[in-house]
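Residues per chain, in single letters:
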Amino acid sequence: MTAGLFLDASDPWVDWSWLSSHVPTVLADLQQHVVLTVIAVVGGLVIALPLGVAAHRLTPVRLSSLGAFGVFYTIPSLALFALLVPYTGITEVTAEIALIGYNVLILLRNVIVGLDEVPADVLDAADGMGYRPRARLLQVELPLALPAIIAGVRVATVSTIGIVTIAWVIGVGGLGELILQGYIESFHTPLVVGSVLCVALALLADVSLATARRKAVPWARTA
Amino acid sequence: MDFLGRVLAWLTDPAHWSGTDGIPTRLGEHLHLSVEAVAIGAAIALPIGIALGHYGRLGNLAISVSNLGRALPSYGILVTAFQVFGLGDAPIILALTALAIPPMVTNSYVALREVDPDIREAARGMGYRELPLVLRIEVPLAVPLIMAGIRTSAVQVVATATLAAAIAGGGLGRYIIDGFAQQDYVKLFAGAVLVGALALLTDGSLSLLERVLMPRGIRMRKAPVTRQATAFKTA
């Protein structure tokens, strides 16, 4: 292994000429990273929203779903990829099963907390105004739970952006591919570019979602 | 023999239970990296989180450190530590420690903030000075959430230590990384089972410890389930 050439003076942290000649590669990795993340978060929401509504009402569903996804969440991503590969192969499906599963736990918790915290008085008032159960859920409960749900989406999005980098082991690492290249070639530039873009993407996503939340639920000011 | 049968055979093969690439050696390496990182991380993070929570200062910082920690790609941090400091355990432990600190700071801050202000006032009225107030009143009441933070960190460090194998380190991740490289799906799967079991065991044993350390007064209060630690996943 020749990877011990650390802090070699001839290898600056960012080699701008390499970067300028590799813009398409970097953009392709960035795009893959964004697509993997969006699918993982949206997929997580599609499962967590109905499951959360059910769990909010039925204690057995709450205990079993939180328990099952809690176990799933505890398993390290590298191990989960390895457990899935013999069945689903070296594919994006393998990455998404793991990423979506992790997000379900984060989002499920927040959906349940959000619904639990809707005051009983509000529910009584809604019933008194003649809301049917479905309309009450869609027009009263879920909007009031939205701040908690968006908070969950922020955590899920930022976590996913970090974990995607590990999916290089199954060939779909997005910006992780650049980090891997930096390691294999003992070359700083792709490592720095991949890591910095990853952090920047996470912070950008976090700030955009915080702004979206302020626009969507102007009545909720704190936390 | 079917696939899972071969995995079981791999796991029970005596040849895999001895030598430098044996399960006990790899488990030892994994635990060594993880325990050291969590211990160093706790020694740094807990005093900071507890102090910030006690004085109620810099709350945004204490909370956003977890957001920032979540945004750091653990694999990138490990490779950076490797390129700056070279081969060996020290760079890996350094990187793992950096990832262990944020959830412990945030959760111990929140834990101290959630101590009932009336209790704090009562203790002051009884003549408690700052340090005894923190150590004998606030921290015991905050134990559930502080421990939950330590548990979150520990599980993530154990998970991230798997990636040490990706930068020529040891630990149980070795089987997974080598399994991928050699396209040996049996070894790969067996390694994943070991890593998954270790993560679940870490989580389980620390939640048991959490219950043991919880002051009897809190347990007797039968309060609704205590607040959960901030979700934090780096690997």
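For clarity, every value in this text was computed on a predicted model and none was experimentally measured.

1. What to know about the overall build of chain A
Stage number 1. In terms of regular secondary structure, chain A is built from nine helices and zero strands.
Stage number 2. Counting from the amino terminus, chain A carries its helices and strands in the arrangement α-α-α-α-α-α-α-α-α.
Stage number 3. Referenced to the eigenvectors of the C-alpha coordinate spread, the extents of chain A come out at roughly 75 × 40 × 25 Å.
Stage number 4. If you take every contact in chain A between residues at least 6 apart in sequence, the share linking residues at least 24 apart comes to 74%.

2. Quick word on the overall build of chain B
Stage number 1. What chain B contains, in helices and strands, is ten helices and zero strands.
Stage number 2. In sequence order, chain B lays out its α and β elements as α-α-α-α-α-α-α-α-α-α.
Stage number 3. Dimensions along the principal axes, computed over C-alpha positions, put chain B at roughly 70 × 40 × 25 Å.
Stage number 4. The burial tally for chain B puts 49% of its 235 residues in the buried class.
Stage number 5. Within chain B, counting contacts between residues at least 6 apart in sequence, those at least 24 apart form 76% of the total.

3. Focus: the interface of chain A and chain B
Stage number 1. Facing the 39 residues of chain A at the interface are 40 residues of chain B.
Stage number 2. Every element with two or more residues in the side of chain A that touches chain B is listed here: α3 (59–74), α4 (77–88), α5 (92–116), α7 (133–164), α8 (176–184) and α9 (188–216) of chain A.
Stage number 3. For the side of chain A that touches chain B, the leading source of residues is α9 of chain A, giving nine residues.
Stage number 4. Along the lines of polarity and charge, the residues of the side of chain A that touches chain B split into 27 nonpolar, eleven polar and one charged.

4. Describing the nonpolar core
Stage number 1. In this structure, Phe81, Ala82 and Leu108 of chain A together with Leu78, Leu96 and Ile176 of chain B are the most contacted members of the largest nonpolar core, which totals 133 residues.
Stage number 2. Per element, the largest residue contribution to this core is 15 residues, and it comes from helix α7 (residues 130–161) of chain B.
Stage number 3. Other than its neighbours up to four places away in sequence, Leu108 of chain A contacts Ala48, Leu51, Gly52, Ala55, Ser65, Leu66 and Phe69 of chain A.

5. Concerning unusual backbone geometry
Stage number 1. For Ser186 of chain A, which is not a glycine, the phi torsion comes out positive at approximately 50 degrees.
Stage number 2. Within the secondary structure, Ser186 of chain A sits in the loop between α8 and α9.
Stage number 3. The phi angle at Leu58 of chain B is positive, at roughly 50 degrees, despite the residue not being glycine.
Stage number 4. Tracing the sequence through the fold places Leu58 of chain B in the loop between α2 (23–55) and α3 (59–71).

6. Considerations on the confidence of the model for chain A
Stage number 1. Across chain A, the average pLDDT comes to 90, with 94% of residues at or above 70.
Stage number 2. Note that residues 1–6 of chain A has pLDDT below 50 and, in this model, eleven contacts with residues that lie over four places away or in other chains.

7. Examining the environment of Ala190 of chain B
Residues and elements named next belong to chain B.
Stage number 1. Along the chain, Ala190 turns up in helix α9 (residues 185–213).
Stage number 2. Overall, the presence of 26 C-beta atoms within 10 Å leaves Ala190 in the buried class.
Stage number 3. Distance in space between the C-alpha atoms of Ala190 and Val7 is 5.7 Å, their sequence separation being 183 residues.
Stage number 4. Excluding its chain neighbours within four sequence positions, the residues that come into contact with Ala190 are Val7, Trp10, Leu11 and Tyr175.

8. Quick word on the confidence of the model for chain B
The predicted coordinates of low-pLDDT regions are not to be read in fine detail.
Residue and element names in this part refer to chain B.
Stage number 1. Residues of chain B with pLDDT of at least 70 account for 96%, and the chain-wide mean is 89.
Stage number 2. In this model residues 222–226 is a low-confidence stretch, pLDDT under 50, and it forms two contacts with partners more than four residues away in sequence or in other chains.
Stage number 3. Scored as a complex, the prediction yields pTM 0.89 and ipTM 0.87.

9. Observations concerning the packing of α7 of chain A against α3 of chain B
Stage number 1. Where α7 of chain A contacts α3 of chain B, the axes come no closer than 7 Å and their chain directions differ by 35 degrees. In this structure, α7 of chain A uses Val158, Ser159 and Gly162 of chain A to contact α3 of chain B, whose residues at the interface are Asn67, Arg70 and Ala71 of chain B.
Stage number 2. Along the lines of polarity and charge, the residues of the contact of α7 of chain A with α3 of chain B split into two nonpolar, three polar and one charged.

10. Section: the packing of α4 of chain A against α9 of chain B
Stage number 1. It is the contact of α4 of chain A with α9 of chain B, at a shortest axis distance of 8 Å, that shows an interaxial angle of 140 degrees. Of the possible angle classes, the one that applies to α4 of chain A and α9 of chain B is oblique. With respect to the hand of their crossing, α4 of chain A and α9 of chain B are arranged in left-handed fashion. On α9 of chain B, the residues touching Ala79, Ala82, Leu83, Val85 and Pro86 of chain A of α4 of chain A are Tyr185, Leu188, Phe189, Gly191, Ala192, Val195 and Gly196 of chain B.
Stage number 2. For the contact of α4 of chain A with α9 of chain B, the per-class residue count stands at ten nonpolar, two polar and no charged.

Quick notes on the rules
- Every residue gets a number counted from 1 within its own chain, in the order that chain's sequence is written.
- Chain A is the first chain written and ligand 1 is the first ligand written, with later ones labelled in order.
- The predicted nature of this model means local features are confined to residues of pLDDT at least 70 and side-chain atom pairs, given and counted, to a pLDDT of 80 or more, with totals for whole chains, interfaces and linings taken over all residues.
- Secondary structure elements are taken from DSSP: a helix is a run of H or I of four residues or more, a strand is a run of E of two residues or more, and numbering for both begins at the N terminus.
- Contacts here follow a simple rule: the backbone-placed C-beta atoms of the two residues must lie within 7 Å.
- Exposure is read from a count of other C-beta atoms within 10 Å of each residue's own; the residue is exposed at 12 or fewer, buried at 20 or more and partly exposed in between. C-beta atoms are placed from the backbone.
- Three classes are used, and their members are as follows: Ala, Val, Leu, Ile, Met, Phe, Trp, Tyr, Cys and Pro are nonpolar, Asp, Glu, Lys and Arg are charged, and the others, Gly among them, are polar.
- As used throughout, a nonpolar core is a set of buried Ala, Val, Leu, Ile, Met, Phe, Trp, Tyr and Cys residues joined through C-beta atoms within 7 Å of each other.
- The predictor attaches a confidence to each residue, and that confidence, scored 0 to 100, is pLDDT.
- Convention adopted: a line fitted to C-alpha atoms gives each axis, helices being fitted over their contacting stretch, and angles between N-to-C directions are expressed from 0 to 180 degrees.
- In these notes the angle categories are as follows: under 35 degrees is roughly parallel, over 145 is roughly antiparallel, 65 to 115 is roughly perpendicular, and the rest is oblique.
- Note on convention: the crossing is left-handed when the near helix lies turned anticlockwise from the far helix by less than a right angle, right-handed when the turn is clockwise.

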